[in-house]
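Residue-level structural notes
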Amino acid sequence: MQKPLHWREIIITRLIQASGYSAILFVAAIFLFLMREGLPALGEVKFSDLLAVRWYPIEAYFGILPLITGSLIITIGAMLIAFPLGIATAVYISEIAPRWVREILKPLVELLAGLPSVMLGFLGILVVSPFLRTALDLPTGLSAFAGSLLLGGIAVPTIVSIAEDALDAVPRSYREGAWALGATKWQTIWRVTLPAARSGVLTAIMLGIGRAIGETMAVMMVTGNAPVLAITPGSLFAPARTMTATIAAEMGEVASGSTHYHVLFFIGIVLFMISLAVNIAASSVVFRAKKRAERILS
Amino acid sequence: MDKILIDSLSLQYADGTESLRNVSLAIPEKAITVLFGPAGGGKSTLLRCLNRLNDLTEVRASSGKVLIDGENVLDPKTDVIALRRKVGMVFARPVVLPMSIRGNLTYGLELAGETRRSRLDEAVERSLRLAAIWDEVKDRLDEPAIALSGGQQQRVCLARVLALQPEIVLLDEPTSGLDPISTGKVEAALQELKKDYTIILVPHSVQQAGRTADHAAFFLQGELVEFQPGHGIFTNPRDKRTEDYVTGRFG
Ligand SMILES: Nc1ncnc2c1ncn2[C@@H]1O[C@H](COP(=O)(O)OP(=O)(O)OP(=O)(O)O)[C@@H](O)[C@H]1O
Ligand SMILES: [Mg+2]
């Protein structure tokens with residue numbers, strides 16, 4: 001007997017396969033393009049000059065260190081704000097809030113997560129930085145800290161939304177097990193529910209970082225965009241400039257093929273590497289947690 | 001002596017289900033009292049009233065009293081945390097907490113403020129022996145508890161409850177997911193335990209009810225149909241519905 005040909009099956013499988021491969025293809029193409037346009041920078045500018053502390057392309061100073069430190073300090077500041085706030089909000093929504101509050105808060109948070117960041121940039125310029133200037137008595141409110149606040153605000157809904165799903169997925173029986181042993185609500189959250197949701201909570205944090213590092217518009221609007229080396233704690237309250245903002249602001253007016261152009265792409269490569277590293281770190285943590293769980297459950 | 005006196009207890013969940021209807025029952029100390037009957041009879045609900053675990057579910061209305069050692073534990077002024085240490089509970093599906101075996105055992109004690117290492121170690125060994133699992137896990141106390149087999153996990157859960165030195169142990173179908181050998185081990189452990197503890201067991205079958213019961217109560221749709229001290233309920237049921245159920249003619 002002949003095996004019947006399932007044409008429909010075959011076509012659908014091929015289509016799905018093609019979309020899978022095209023995702024890989026796009027990433028590879030982007031990467032190659034970045035490399036082609038960015039690597040020549042290494043031939044045109046000495047590596048030690050790239051790692052210098054002065055960014056002033058008009059006079060051929062291409063030190064990208066201020067931009068990297070600017071991105072880092074703003075992102076780290078944002079995470080210090082977003083982690084505790086995001087996790088605490090997720091815990092509140094999933095574990096503490098009465099049902100009607102939860103039913104209002106959940107969609108609201110999801111809505112916030114989809115808010116265009118330019119709108120938050122407005123808020124930053126009109127409200128946050130003037131407030132910081134007067135409250136902290138700074139020469140200008142346009143500072144790394146304002147950027148951190150905004151980025152933190154942008155990352156919080158992402159973190160809340162994913163962490164809340166993870167907490168919600170912890171079986172009720174875990175909590176009851178702890179309650180029955182005489183644990184209070186808070187002890188149960190801290191020692192049982194959060195650890196059980198660990199891998200989901202970590203994913204939430206990593207995606208939050210991803211969202212913050214890649215963010216451009218909002219930070220460009222409120223950080224003052226001064227490319228100064230940010231390595232002292234005081235730098236948090238001074239103007240700063242990020243890698244993404246630099247690329248966005250300067251790419252439009254640079255001559256294609258010039259050194260400046262190549263260096264901007266080189267910054268793109270650095271950015272790509274950093275997000276790659278964050279992603280690999282995230283997935284290896286999550287993967288390890290998953291593998292253990294799978295081994296244990298089988 | 002009666003350890004627990006349940007006095008016209010009724011309970012209605014938020015969705016309107018009447019899960020307990022005017023239940024009155026006296027539970028003798030240091031014996032195994034079995035609550036059995038078909039699904040939805042209110043057995044779990046009754047157990048969860050005894051340690052106030054129902055506080056955390058949405059209950060619409062409840063009335064009546066539960067006296068443990070003469071004190072009404074349903075009184076809003078009751079210290080619920082202390083109550084739950086005195087009235088331990090083992091669930092149908094073993095819920096080991098996401099920590100090591102030792103961590104599972106000491107968790108409750110640490111919550112109760114015990115920090116002395118020697119006391120904790122002592123409690124770990126004592127309670128694991130009582131739950132008849134010491135020999136199987138003594139060399140791997142620091143491994144994650146979730147790596148144990150289901151039957152071992154269930155005995156760890158029992159040990160975890162015993163570590164708190166409760167006076168009453170509630171078991172809600174503790175062997176429903178276990179193989180016959182593990183089931184036998186749990187039942188044997190219960191026979192030892194009843195010398196010191198008041199045990200209330202919801203069995204997963206009539207056979208288990210018959211094997212383990214010192215006293216038995218039959219529940220049907222939120223109602224206590226019949227309670228008899230001793231084995232009478234299986235050999236000489238007074239109510240027709242009980243008779244149908246224990247002889248397998250139910251339905
Ligand atoms: N959290 C809850 N909310 C609403 N109704 C509930 C809840 N828990 C139980 N019930 C209902 O209460 C009734 C009694 O349930 P209970 O779990 O006490 O029965 P049971 O005798 O333990 O049954 P089983 O043998 O299936 O475990 C059932 O009709 C059930 O649907
Ligand atoms: Mg039940």
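See above for the structure.
A brief report on the enclosed structure follows.

This part covers the packing of aromatic side chains. All names here are of chain B. Enumeration over the complete set of coordinates arrives at ten aromatic pairs over all chains. With a centroid separation of 5.3 Å and 50 degrees between ring planes, the pair formed by phenylalanine 36 and phenylalanine 218 is classed as tilted. One end of the pair, phenylalanine 36, is in strand S3 (residues 32-36); the other, phenylalanine 218, is in strand S9 (residues 215-220), and 182 residues separate them in sequence. What makes phenylalanine 218 buried here is its relative accessible area of 0%. In textbook terms, an aromatic cluster arises when at least three aromatic residues are bridged by ring pairs, as seen for Phe36, Phe218, Phe234 and Tyr245.

Here the focus is the interface of chain A and chain B. Contacts between chain A and chain B engage 21 residues on the former and 26 residues on the latter. If you look at where chain A meets chain B, you find three salt bridges. Salt-bridge contacts for Arg48(B) lead to Glu176(A); the nearest nitrogen and oxygen are separated by 3.0 Å. Along the contact surface separating chain A from chain B lie five residue pairs in polar contact (both at pLDDT 80 or more). The set of elements that each furnish at least two residues to the side of chain A that touches chain B consists of helix H8 (172-180), helix H9 (185-196) and helix H13 (259-297) of chain A.

Another point: helix H7 (residues 144-168) of chain A. Every α-helix winds through 3.6 residues per turn, so residues three or four apart in the chain are directed the same way. Residue and element names in this part refer to chain A. In a regular helix each residue adds 1.5 Å, so 25 residues correspond to 36 Å; H7 covers 35 Å between its end C-alpha atoms and thus fits that length. The largest bend in H7 is about 30 degrees, located at alanine 155, with the proline proline 157 one to four residues further on. Of all 25 residues in H7, 19 are buried, a share of seventy percent or more.

This part covers the side chain of Arg160(B). On the secondary structure map, Arg160(B) appears in helix H6 (residues 150-163). Buried and unpaired, Arg160(B) has no salt bridge, with Glu176(A) as the nearest side chain of opposite charge at 10 Å. Leaving out residues up to four positions away in the same chain, Arg160(B) has contacts with Gly177(A), Leu181(A), Val95(B), Val96(B), Leu97(B), Asn104(B) and Leu105(B).

So, about the site of ligand 1. Residue and element names in this part refer to chain B. Lining the immediate environment of ligand 1, one finds 13 residues, of which Ser19, Gly40, Lys43, Ser44 and Thr45 sit closest. The backbone of glycine 40 places a nitrogen or oxygen atom 2.8 Å from an oxygen atom of ligand 1. Within the contact set of ligand 1, an oxygen atom lies 3.0 Å away from a backbone nitrogen or oxygen of glycine 41. The element contributing the most residues to the shell around ligand 1 is helix H1 (residues 43-50), with three residues. Residues belonging to the shell around ligand 1 are distributed by class as follows: two nonpolar, eight polar and three charged.

The rules behind these values
Residues numbered from 1 in each chain as written. Chains lettered and ligands numbered in written order. Predicted model: local features only at pLDDT ≥ 70, side-chain atom pairs only at ≥ 80, totals over all residues. Heavy atoms only, no water. Phe/Tyr/Trp six-rings, centres within 6.5 Å; stacked < 30°, edge-to-face > 60°. Helix = DSSP H or I, 4+ residues; strand = E, 2+ residues; numbered from the N terminus. Buried < 20%, exposed > 50% of the residue type's maximum accessible area, 1.4 Å probe, protein only. Contact = heavy atoms within 4.5 Å. Salt bridge = Lys/Arg side-chain N within 4 Å of Asp/Glu carboxyl O. Polar contact = N/O pair within 3.5 Å; in protein donor to acceptor, adjacent residues only side chain to side chain. Expected span 1.5 Å × (residues − 1). Bend = angle between axes of the 7 residues up to and from the residue. Lys, Arg positive; Asp, Glu negative; His and termini not counted. Near = heavy atom within 4 Å. Nonpolar A, V, L, I, M, F, W, Y, C, P; charged D, E, K, R; others polar.

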